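Read off the chains here:
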Amino acid sequence: MSRILTTTNIAGISKFITGKVRDVYDLGDKLIVIATDRLSAFDVVLPTGIPNKGKVLTQLSLFWYQQAASVVENHLISADASVIVDAIRSAGGVVDDNLVADLDGRTMLVKKATAFPIECVARGYISGSLWKEYKAFPAHGGQVFIHGVGIPVGLRESDRLPEPIFTPATKAESGHDENVSFECASQVIGADQAEKLRELTLGIYGRAVEYALSRDLIIADTKFEFGVLDDKIILIDEALTPDSSRFWDFNDYKPGGPQASFDKQYVRDYLETLTWPKTYPGPELPAEVADRTAAKYADAYRRITGADLA
């Protein structure tokens, strides 16, 4: 098994962003995006990495980029290690054998786009924050209106919605993103752009849902990020991974409560048994919790692609 990667450094190259999971390096008009094995829970990056998590995120994103190519272009230039190494060296970076090993399978060379300040969320089932808001918001005329979207009364947790909905969210520098109405998103980025993002989000989600069902998987919800490059909207960041989506087993699906998912929910459930106040620093995870979480990520990759992670 490859070593767990929680920190990265490319000598001679400026780090553009250090996210909860990804380290991004600036190459001028291009970026190097490395998905580490870091895991965050309750908005805190935990000190324990999850084996091969970053590789799963990158390889799944590459898979879904291809699936969504007929809907929208994406920011990918190459995930080929030799191309990435050449780009780093051309930008003045220092490459050694350790860095090559770190980059393998978890790194993308991408175009630098101007990101929209909006998270684009598609939901086909009522779960997560949508379920919490559904229970909290009052009903009017047989519907519960959540940030301007009407949802029929009487739904159970994890029920399928009558049709997929678009629920944008503002990006938070720290803490949770905030769900907002389509009208609010339109005020931030413009009505035409907001409409286009809704169309793209639901278009990608619809195709992904259809494919996933052929693999006996449900995609309950997912989020995308988009950017603008040369006046064109493109898909950026990850796509349809266990970090950004809720995957459920179709054969085990039983609405009326939470569903077992192929993501870090197992870690959240473990953390809920501790007295940790959900603030930095986070606790170390026991080896069995980290390994079981890694197995869930690997299983998601296998179920979706039909192959084992290389």
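### Topic: the packing of aromatic side chains
Alright, step 1. For the structure shown, the criterion picks out ten aromatic pairs.
Alright, step 2. A ring pair is formed by phenylalanine 166 and phenylalanine 182, whose centres lie 6.3 Å apart and whose planes are at 70°; its orientation type is edge-to-face. Within this pair, whereas phenylalanine 166 is found in strand E13 (residues 160–166), its partner phenylalanine 182 is found in helix H5 (residues 182–189), the two being separated by 16 residues in sequence.
Alright, step 3. Of the residues examined, phenylalanine 166 reaches a relative accessible area of 8% and is grouped as buried.
Alright, step 4. Feature note: the residues Phe63, Trp64 and Tyr211 constitute an aromatic cluster, connected by ring pairs.
Alright, step 5. One residue, lysine 112, lies across the ring of phenylalanine 16, its end atom 5.4 Å from the ring centre.
Alright, step 6. The positively charged end of lysine 278 is found above the aromatic ring belonging to phenylalanine 42, 4.4 Å away from the centroid.

### Considerations on unusual backbone geometry
Alright, step 1. Here the bond from tyrosine 280 into proline 281 is cis, since omega is 0°, no more than 30 degrees from zero.
Alright, step 2. Mapped onto the secondary structure, proline 281 falls in the loop between helix H7 (265–271) and helix H8 (287–305).
Alright, step 3. The phi dihedral of aspartate 216 falls on the positive side, at around 60°, and the residue is not glycine.
Alright, step 4. Tracing the backbone through its elements, the reader meets aspartate 216 in the loop between helix H6 (191–214) and strand E16 (217–229).
Alright, step 5. Phi at leucine 240 takes a positive value of approximately 55°, unusual for a residue other than glycine.
Alright, step 6. Inspection of the secondary structure puts leucine 240 in the loop between strand E17 (232–236) and strand E18 (245–249).

### Here we look at the pattern of salt bridges
Alright, step 1. Considering all chains together, one arrives at 19 salt bridges under this definition.
Alright, step 2. Ionic pairing is found between lysine 20 and aspartate 43, a salt bridge with its closest N-O pair at 2.9 Å. You can see lysine 20 sitting in the loop between strand E1 (15–18) and strand E2 (22–26) and its partner aspartate 43 sitting in the loop between strand E4 (40–41) and strand E5 (44–45), a full 23 residues away along the chain.
Alright, step 3. Judged by its relative accessible area of 28%, aspartate 43 falls in the partly exposed class.
Alright, step 4. Through salt bridges with shared partners, a single network forms among Lys15, Asp23 and Arg38.

### So, H8
Every α-helix winds through 3.6 residues per turn, so residues three or four apart in the chain are directed the same way.
Alright, step 1. In this model H8 runs 27 Å from its N-terminal to its C-terminal C-alpha over 19 residues, within 8% of the 27 Å that 1.5 Å per residue would give.
Alright, step 2. Listing the buried residues of H8 in full gives Val289, Ala290, Thr293, Ala294, Tyr297, Ala300, Tyr301, Arg303 and Ile304.
Alright, step 3. Looking at the packing, one finds that the buried side of H8 touches helix H1 (53–67), H6, E16, E18 and H7.
Alright, step 4. Count one or two residues on from H8 and you reach glycine 306, which has phi positive near 80°.

### Things to note about the sheet that holds strand E10 (residues 139–140)
Alright, step 1. Pairing in this open sheet of three strands is antiparallel, and the strands run E10-E11-E12 from one edge to the other. The sheet is open, and its two edges are formed by E10 and strand E12 (149–152), each paired on a single side.
Alright, step 2. Pairing of E10 with strand E11 (residues 143–146) involves two bridges; the strand directions are antiparallel. Note on E11: the bridge partner recorded for alanine 139 is valine 144.
Alright, step 3. Contacting E11 and E12, helix H4 (residues 128–136) runs over the sheet at an angle of about 120° to E11.

### Re the packing of H5 against H6
Alright, step 1. Direction vectors running N to C along H5 and H6 enclose 125°, while the axes themselves pass 7 Å from each other. One way to sum up the angle between H5 and H6 is to call them oblique. In this structure, H5 crosses over H6, and the sense of that crossing is right-handed. From H5, Phe182, Ala185, Ser186 and Ile189 reach across to H6, where they touch Ala191, Gln193, Ala194, Glu195, Leu197 and Arg198.
Alright, step 2. Grouping the constituent residues of the contact of H5 with H6 by class yields six nonpolar, two polar and two charged.

### Regarding the sheet that holds strand E3 (residues 30–35)
Alright, step 1. Taken in spatial order, the five strands line up as E1-E2-E3-E7-E6 in an open sheet, and their pairing is antiparallel. Lying at the two open borders of the sheet, with one neighbouring strand each, are E1 and strand E6 (76–78). If you compare each strand with its neighbour and ignore which way they point, the axes differ by 30° on average.
Alright, step 2. Sheet topology note: the E3/strand E7 (residues 107–111) ladder contains five bridges and is antiparallel. When the bridges of E7 are listed, valine 33 appears paired with methionine 108.
Alright, step 3. On the sheet, helix H2 (residues 81–90) packs against E3, E6 and E7 and is oriented at approximately 60° with respect to E7.

Rules and cut-offs
- Residues numbered from 1 in each chain as written.
- Predicted model: local features only at pLDDT ≥ 70, side-chain atom pairs only at ≥ 80, totals over all residues.
- Heavy atoms only, no water.
- Phe/Tyr/Trp six-rings, centres within 6.5 Å; stacked < 30°, edge-to-face > 60°.
- Helix = DSSP H or I, 4+ residues; strand = E, 2+ residues; numbered from the N terminus.
- Buried < 20%, exposed > 50% of the residue type's maximum accessible area, 1.4 Å probe, protein only.
- Lys NZ or Arg CZ within 6 Å of the ring centre and 35° of its normal.
- Salt bridge = Lys/Arg side-chain N within 4 Å of Asp/Glu carboxyl O.
- Expected span 1.5 Å × (residues − 1).
- Contact = heavy atoms within 4.5 Å.
- Pairing = 2+ DSSP bridges.
- Axes fitted to C-alpha atoms, helices over the stretch in contact; angles between N-to-C directions.
- Parallel < 35°, antiparallel > 145°, perpendicular 65-115°, else oblique.
- Left-handed = near helix turned anticlockwise from the far one by under 90°.
- Nonpolar A, V, L, I, M, F, W, Y, C, P; charged D, E, K, R; others polar.

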